[in-house]
Structure formats: structure tokens, C-alpha cells
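Listed below are the residues making up each chain.
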Amino acid sequence: MMSRSSSVILVVTSLAAGLVLGFSLGRGGPVVSAQVGGSLRGQAGSMTPERAARRAAQVSRHDSQIYDQLAKEYEQFAHVDRMFELVSKAVSPSVVHIVAQKTVRHEESQRIKKFEETGSGVIVRNDKNPGLYVLTNHHVVEGGKIANIRIFLHDGRALTPERIWSDAEADIAVLKLDRDDLPAARLGNSDTAVVGSWVVAVGSPFGLMHSVSQGIISARSRHMDELEDVKNQDFLQTDAAINPGNSGGPLVNLKGEVIGINNSIASNGGGNEGVGFSIPINLARWIMNELISNGHVTRGSLGVDLQPKFRQEDATTLGLDRPQGAWIGKVYPESPAARGGLHDGDVILKFGGVEIHDLNHLINAVSMTPVGVPADVLIWRDRKEVTIRITVGDRERTLAGTPGPQPNRGAEPADLIRRPDRPGATSSFVMGLELISLNPQLALRYQLPASVRGAMIVGIDPESPLATICQLHDVIAKINEQSIQSAEEAVKLINERAEHDPMIVSLDRRGNDGMERYTIRVP
């Protein structure tokens, strides 16, 4: 006889089995059976051909409905997709891949090291001169001879430039081609490029020629202190993917017009992280015209120092509702600004009828103004607007008469600005160490006290006799008890010693509790 508890267990078990069986049959799926016997398992796992056909038809209809809905939705977006396709089709044939073979001499060993630098460029026409030209970055071809520069076209052909012009202060180079039968890109107006508008970057990231990436204009009028060699800065910022090898390639709007020349990125690891910078095409085109017409760039100047910081509290004190324009720190005597009536503390709101956003915008506006041409200048003085007229002077002559070094114009240092790896133009090499001179800006960037001076180690050859002693970002403060103020001083003192003479080197290194001094003896 079965006990009461056994009966309950049997009922519950049977009910659970029935539910599982019913659920499986209801879904048309395989039947789960606890029996080992083959007859019931075979019957439950089988499906009649008619039922299998109905099931397959249901799945097919369901898939068709989803894809029909997707197709209808895509119709609303297809024209945008088509625009990106047409932009790529229009611009890509004019984009080139550039390979420049270069050499650099190491000061320590006087050995010459050969290396290749790659970048991108775009074929354009000039406003005043016939023929075709490649617009690219100065740093892509810097130091390369014409015979060692190859320009690879969209169809795979390779050309050598007929002539090269270059301007380091704007990081723009122009390469003359010896033919006139290639597609050229159209140049747009970067002044009308709006933050938030779609753009396309075309180039050769990591040597992958004619790659296309898409993004938006993230910001305008960016200035990066780390790019100390670039004086004319008014970058467009974009999140379109820009990587090493994209330098010199075009940034294009959705009308297929070039609005920028890609230049650099902000990155922790050297690759794209969504913050790229492009030289506005209006600036690049002006540089190109100057180079082709005159062989060099003649820049305009006012002869003033500009305040690098213009904060809300400063604007309020001056009677402005917000920081706007460029705030004059000092007007030099006998300068174009002084002759035009500009005073210390004035704020330039408009120059030549153009509203000035910040100091970098003013620098570029004045630079591109022809020398000797008067410009109407709207200034803010004594809590009211005043209009004066200034005749722009030649920058080189104006600065030649300006005493003392020019102050740093930038704002916050940008520690992550990168270009493709290449030997640093301002680096010094000795005993397998790559050194740079430490200044207050670099100290701030590397989170060191502003008072620290010396030669910072930014590269260590594994074969260096100091490789196991020194660390990256150590600062050589003294050599044989003589204070070091620059990388050049360190190189000179080390090279002057006899081969086997001992040398005492004092290193400053950042520790948990601040700067720590280490003294080492070599050898």
C-alpha cells in the first residue's frame, strides 16, 4: 500500500511531467522524456512533414516582416548613406599617400640614421597659378629631399614632386606636380564650418591607403601649447578617426569640399581616441598662395603682446558681459598698433570687419592681412566701443624691433598631442639618452614643480651605460657639481670629458613625497 506522502509525491511528479510535455508540444519543439525506451522518444521527437512545413513557413513570414519594416525605415535614411558614398567617391581620387625617406644625425655618435615618414595629402588647384599641387603638412616632408619623396596616387601610380614649398609656422607644405591630368579636390570655406556638422576624414592611417572615417566638427579655434613649432593655430577639432598616417589628408564636408588639413591628435596611446585637429582650409589656402607666388610667407603683425588668460572676472572688470575678443597686454612703441592708436588693456572685438573669438583668431586674422593695408579695428576701451584704423606691418620687421622674448600665448598645456613617431627636432642625444631642455611649461605638463630646471630624459637606449640607472622623465640637474639649464649644456659637458674620467651626475626624480635627488657616479 502506498503511503499518503508517497501519493502526494507521485501526483506532483506527474503534474510536473505533464506541464513540461504540454509546454513543449505547445511550442512545437522537441519533447522531453525521462524514459529510456526508444518508442516513446522516437514518437515525441518526430514531426510530420505537414507540420514541419507550416513551422518553416511561419519562420519565413516572420523574417520577411522584420526585413520589410527595416527596408521602410532605411528609406528615410538612404539619402544620408548615399551622401557619404558620394563624398568618398568624389574626394578619394584626389587623396594621395606620401612616403618621405629622411635622415637624422645623432649628436653623440655622429651616425646618420635613415627612416621613413608617411602621411597623406590632397591634390588641389591654386587660385592664381596653373597646374596641380599636393597640399599636406610640413612635418610630413620636413627634411626630405625631392628625389626621396614619393607620392602614391589613388590608382597606384607613384610620382616624384617637381618642387616643394614649406612653412613650418603653419605646418603646411605644397608639392608641385609635373602633370595636369589628375582629379583635384574642391576647396570649401572653413569659416562657415559649423560645430556639430558632419565631416569625413580621408587618408592613409597606419599605411592603409585611402581610408575614410566619419564624424562631426567637435569645436573650433583650438590652440595646443604642445605644438610649439606651429605659430599659426586655429584648429578645427573633430571626432572623425585620425591616426598616424592621416597627417596632411583632407577633412571634408558633406558637399565634398575640403575644409581642413588633418594635423594631429590628442591621445594616451598614440591612436585615435576621438579628438583630432585639422588646420582650417582658409589658412592653409592662404599659406599655399603665399608660398607659390612668393616662395615664402609674409605675415602681418600689430606689434603687441596678448594676454594668454582672459577669464570671466577679467571681462566683468572691463565692463564686458563675457570674455570675447583678444585682450592687449602691451603695445610696443613705434609699432603699427602704437601708430594706429591702440593702448595697453584694449580688447580687440573686430578686426577688418570680422568678429574676433580669441587671441589665436586675431593672430591668424592679422597674419593673413596684406602688409601695408589699413584695417578697421573695433576695440573695447573705458567700457565703450571705439573704432580705430591700423596699417598692418611686416611681422619679421615688427618683431625685430620688439625687445625681449614673446610670452607664451597659450592656455592649458596639452600633454597628449601627438603626431606619427619621428626623431624630435629639438632633442639632444648623448650616451644613449635623448634629452630635452626643461622649461616651466614642460614642467607643468609632466607634473613637476615649475622651478625645476635641467635636461629631462625622454628616451633611453637599452644599450646605454645609464639604462639601468636612469628613468624616463628624470631631470639631469648637475654634472660634476655644475648646474644644468638645458639639454645642450648636458651634452656639451658629457662630451668634453675624457673617455675614462669619472663623472658625478645629480638627477631629480619625482617621488611619492615630491622631488628626490639622486647622485650617481659614471663609470
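Everything here concerns the structure above.
Since the structure is predicted, the reported quantities are computational estimates derived from the model, not experimental observations.

Draft legend 1. Structural context of the overall build of the protein. Check the secondary structure of the protein and you find 12 helices and 30 strands. By residue count, 44% of the 523 residues in the protein fall in the buried class. Long-range contacts, defined here as pairs at least 24 residues apart, represent 59% of the contacts in the protein between residues at least 6 apart. As presented, the protein carries roughly 27,800 Å² of accessible surface, and 52% of it is formed by carbon and sulfur atoms.

Draft legend 2. Expanded view of the pattern of salt bridges. Counted by the stated rule, this structure contains 17 salt bridges. The partner of Glu-117 in a salt bridge is Lys-102, with the nearest N and O atoms 3.0 Å apart. Placement of the pair is Glu-117 in strand β2 (residues 112-125) and Lys-102 in strand β1 (residues 95-105), with a sequence separation of 15 residues. Across the salt bridge formed by Glu-481 and Lys-478, the nearest N and O atoms sit 4.0 Å from each other. We classify Glu-481 as exposed; its relative accessible area is 55%.

Draft legend 3. Just the pairing of strand β27 (residues 475-479), in detail. Burial runs high along β27: 4 of the 5 residues are buried. As judged from the 2 bridges shared by strand β26 (residues 454-460) and β27, these two strands associate in the antiparallel manner. Bridge pairing in β27 places Ala-455 opposite Ile-476. By the bridge criterion, 4 bridges tie β27 to strand β29 (residues 503-511) in an arrangement that is antiparallel. Within β29, the residue paired with Ile-476 across the bridge is Leu-507. The pairing of β27 with strand β28 (residues 482-483) spans 2 bridges and is antiparallel. Residue Lys-478 lies in a different strand from β28, and its bridge partner there is Ser-483. Between the end of β27 and the start of β28, which pair antiparallel, lie 2 residues, with Asn-480 showing a positive phi angle near 50°.

Draft legend 4. Fine view of the environment of Val-522. Looking at the element boundaries, Val-522 is found in strand β30 (residues 514-522). Spatially, the C-alpha atom of Val-522 lies 8.6 Å from that of Pro-465, the residues being 57 residues apart in sequence.

Draft legend 5. Representation of the pairing of strand β14 (residues 276-280). Burial runs high along β14: 5 of the 5 residues are buried. Bridge count between strand β13 (residues 257-266) and β14: 5 bridges; the pairing is antiparallel. Across the sheet, residue Ile-265 finds its bridge partner in β14, namely Gly-276.

Draft legend 6. Unusual backbone geometry, seen in detail. Despite not being glycine, Asp-382 shows a phi value in the positive range, around 55°. Accessibility expressed as a relative area gives 66% for Asp-382, which makes it exposed. Residue His-473 is not a glycine yet carries a positive backbone phi of 75°. Mapping His-473 onto the fold places it in the loop between β26 and β27. Looking at His-473, the relative accessible area reads 38%, which means it is partly exposed.

Draft legend 7. Looking closely at helix α9 (residues 359-367). The element α9 is extensively covered by neighbouring structure, given that 9 of its 9 residues are classed as buried. Every buried residue of α9 is accounted for by Leu-359, Asn-360, His-361, Leu-362, Ile-363, Asn-364, Ala-365, Val-366 and Ser-367. For α9, the secondary structure elements touched by its buried residues are α6 (281-294), β15 (300-301), β16 (304-306), β17 (326-331), β18 (347-351) and β19 (354-355). Two or three places before Asn-360, at the start of α9, stands the capping residue Asp-358, its side-chain oxygen 3.3 Å from that residue's backbone nitrogen.

Draft legend 8. How the structure looks around the nonpolar core. If you look at the biggest cluster of nonpolar residues, it comprises 34 residues, and the most contacted ones within it are Leu-135, Val-174, Val-258, Ile-261 and Ile-287. Ranked by residues supplied to this core, first place goes to α6 with 8 residues. Ignoring any residue separated from it by four or fewer positions in sequence, one finds Leu-135 in contact with Gly-121, Val-122, Val-124, Ile-172, Ala-173, Val-174, Gly-248, Ile-261, Ile-281, Ala-284 and Met-288. In this structure, Ile-348, Ile-356, Ile-379 and Val-392 belong to the second largest nonpolar core, which totals 22 residues.

Draft legend 9. Spatial organisation of the environment of His-210. Within the secondary structure, His-210 is located in the loop between β9 (198-203) and β10 (211-222). The spacing of His-210 and Gly-249 is 39 residues in sequence and 9.6 Å in space, taken between C-alpha atoms. Apart from the residues within four sequence positions on either side, His-210 is in contact with Ser-92, Val-95, Leu-153, His-154, Gly-203 and Ser-204. Within the structure, His-210 has its side chain in polar contact with the backbone oxygen of Val-95 (distance 2.8 Å).

The rules behind each value
Residues numbered from 1 in each chain as written. Predicted model: local features only at pLDDT ≥ 70, side-chain atom pairs only at ≥ 80, totals over all residues. Heavy atoms only, no water. Helix = DSSP H or I, 4+ residues; strand = E, 2+ residues; numbered from the N terminus. Buried < 20%, exposed > 50% of the residue type's maximum accessible area, 1.4 Å probe, protein only. Contact = heavy atoms within 4.5 Å. Areas by Shrake-Rupley, 256 points an atom, 1.4 Å probe, with all protein chains shown as cover. Salt bridge = Lys/Arg side-chain N within 4 Å of Asp/Glu carboxyl O. Pairing = 2+ DSSP bridges. Polar contact = N/O pair within 3.5 Å; in protein donor to acceptor, adjacent residues only side chain to side chain. Core = buried A, V, L, I, M, F, W, Y, C linked by side-chain atoms within 4.5 Å.

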